[in-house]
Structures are given as structure tokens and as C-alpha cells.
Amino acid sequence: MSSDTLLVVLVAIVMVIGVAGTVLPSLPGLWLIWAAALGYGLFGGFGIGGWIAMALITGLAAAGTASAVYLPQRKATSIGVPWWGQVVALVCAVVGFFIVPVVGAPLGFVVGILLVTLARERHFQGALAATWATLTAMLLASGLQFAVGLTMVAIWVLWAWLG
């Protein structure tokens, strides 16, 4: 096996792990795909097409990461969760990350939203509706990150194929 083939195989494996990370919160996801593309460029050479591909991959990684934060936060704000409630939910997400493997962070965030909304409104149905709305926004953000991750990989495949 040539060194070029080995490089492509290793980068592809890391990118598959990165795509899995877009839906599994314990893996870095988009930035792992970005790092693999960067490694490919550093070890295999960028060329003009590589620089263009890397610029597109970087822009997608930044936009995908921002959407993962922005969409749930915007939904939580729109349903009346105050900024301090979102901070409490983020703290619950961090705690959840360490308590429950793989799904602890999103689970902690959702539980945090439920507890804050319940404490604020004192109405379980309203708190449950707010939590569900936030959860759907998180799922939408995760789906968007998955699509962005696949697009990043497709750009790299095109780069590797043409380069």
C-alpha cells in the first residue's frame, strides 16, 4: 500500500468518526472532519483546489457549529426561557456529560430546561411543552450538523479525487 493510499484511508476513517460525532455528543464531529482535511492537506499537499476545498470545509464547520448552539438557544428564548435558565441548562448539560456516557450532555440540557421552566411557570404541561420545543430544536441542529458533516466529507472526496 502506497503512502498516498494510506493517507486517504486514514483521513477517511477519521472523517467517518467525525460524521458519527455530529450525532453522538461525546465525539467532536465537524471539527474532527476539519482536522482530518487539514491533515490531508498538510501531508498530501494543498494545491489550488485544496485551498478552495479547505476554505469551504472551514466555513461549513464554523456555520455548522454555530447552528448547533444558536438553534436550541433561539428556541429556548422564543418560548420564554430566560438567559439565566439557559445557563442553568448548560450547567446541567456539563454535569450530564460526566454522569451519563454518550447522551448525558443533551439529556442534562433538556432536564435543565424542564426544571427551570417548571420552577418558573409552576405548570408541568407548559414546562413539558417548552422542553419538547427545545428538544426538537436540538434534534434539528443535530440533523443539520450531520448534513454539514456529510457535505464536508463530500468536498474532501472531490478534492482527493481531483487532486
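A few points on the structure. Everything quoted here is computed from the prediction, not taken from an experiment.

This paragraph deals with the nonpolar core. By size, the foremost hydrophobic cluster in this structure holds 20 residues, and its most contacted members are V11, M15, M152, W156 and W159. The next biggest cluster of nonpolar side chains, apart from the first, holds nine residues, and it includes A76, A89, I113 and V116.

Turning our eyes to something else, we now look at helix α2 (residues 30-44). Helix length check: α2, at 15 residues, gives a terminal C-alpha distance of 21 Å against a target of 21 Å (1.5 Å per residue), a fit within 8%. All of the buried residues along α2 are L30, I33, A36, A37, G39, Y40 and G41. The first or second residue beyond α2 is G45, which carries a positive phi of 100 degrees.

Orientation of helix α5 (residues 104-121) relative to helix α6 (residues 124-162), taken along the N-to-C sense of each, is 150 degrees, at an axis distance of 8 Å. The angle between the axes of α5 and α6 places the two elements in the roughly antiparallel class. Handedness of the α5/α6 crossing: right-handed. Of α6, the residues touching α5 (which contributes P106, F109, V110, I113, L114, T117, L118 and E121) are F124, G126, A127, L128, A130, T131, T134, L135 and M138. When the residues that make up the contact of α5 with α6 are grouped by side-chain class, the tally is 12 nonpolar, four polar and one charged.

What follows deals with the side chain of T131. Summarising the element assignment, T131 is placed in helix α6. If near-sequence neighbours (up to four positions away) are discounted, T131 is found in contact with V110, I113 and L114.

This part is about the packing of aromatic side chains. Applying the stated criterion across every chain, the model contains six aromatic pairs. For the ring pair Y40 and W159, a centre distance of 5.0 Å and an interplane angle of 90 degrees mean the geometry is edge-to-face. Of the two residues, Y40 is situated in helix α2 and W159 in helix α6; the sequence distance between them amounts to 119 residues. This pair shows no difference in class: Y40 is buried, exactly as W159 is. Relative to W51, the ring of F46 has its centre 4.1 Å away and its plane inclined at 20 degrees; by these criteria the two rings are stacked. Judged by its relative accessible area of 14%, F46 is buried. By relative accessible area, W51 is classed as exposed at 54%. These aromatic residues form a ring-pair network of at least three members: Y40, F46, W51, W156 and W159.

What follows concerns α5. Taking 1.5 Å per residue, 18 residues should reach 26 Å; α5 reaches 25 Å between its end C-alpha atoms and fits that length. The set of residues buried in α5 consists of G104, A105, G108, F109, V110, G112, I113, V116 and T117. Tucked inside the fold, the buried residues of α5 contact α3 (47-78), α4 (83-99) and α6. R122, located one to two residues past α5, shows a positive phi value of around 60 degrees.

Turning our eyes to something else, we now look at the packing of helix α1 (residues 3-21) against α2. For the pair α1 and α2, interaxial distance at closest approach is 7 Å and the crossing angle is 165 degrees. Taken together, the axes of α1 and α2 lie roughly antiparallel to each other. Along this stretch, α1 crosses α2, giving a crossing that reads as left-handed. On the side of α1, the interface is formed by L7, V8, V11, V14, M15, I17, G18 and V19, while α2 contributes L30, L32, I33, A36, A37, Y40, F43 and G44.

Basis of the calculations
Residues numbered from 1 in each chain as written. Predicted model: local features only at pLDDT ≥ 70, side-chain atom pairs only at ≥ 80, totals over all residues. Heavy atoms only, no water. Core = buried A, V, L, I, M, F, W, Y, C linked by side-chain atoms within 4.5 Å. Buried < 20%, exposed > 50% of the residue type's maximum accessible area, 1.4 Å probe, protein only. Helix = DSSP H or I, 4+ residues; strand = E, 2+ residues; numbered from the N terminus. Expected span 1.5 Å × (residues − 1). Axes fitted to C-alpha atoms, helices over the stretch in contact; angles between N-to-C directions. Parallel < 35°, antiparallel > 145°, perpendicular 65-115°, else oblique. Left-handed = near helix turned anticlockwise from the far one by under 90°. Contact = heavy atoms within 4.5 Å. Nonpolar A, V, L, I, M, F, W, Y, C, P; charged D, E, K, R; others polar. Phe/Tyr/Trp six-rings, centres within 6.5 Å; stacked < 30°, edge-to-face > 60°.

The analysis is restricted to geometry; functional conclusions fall outside its scope.
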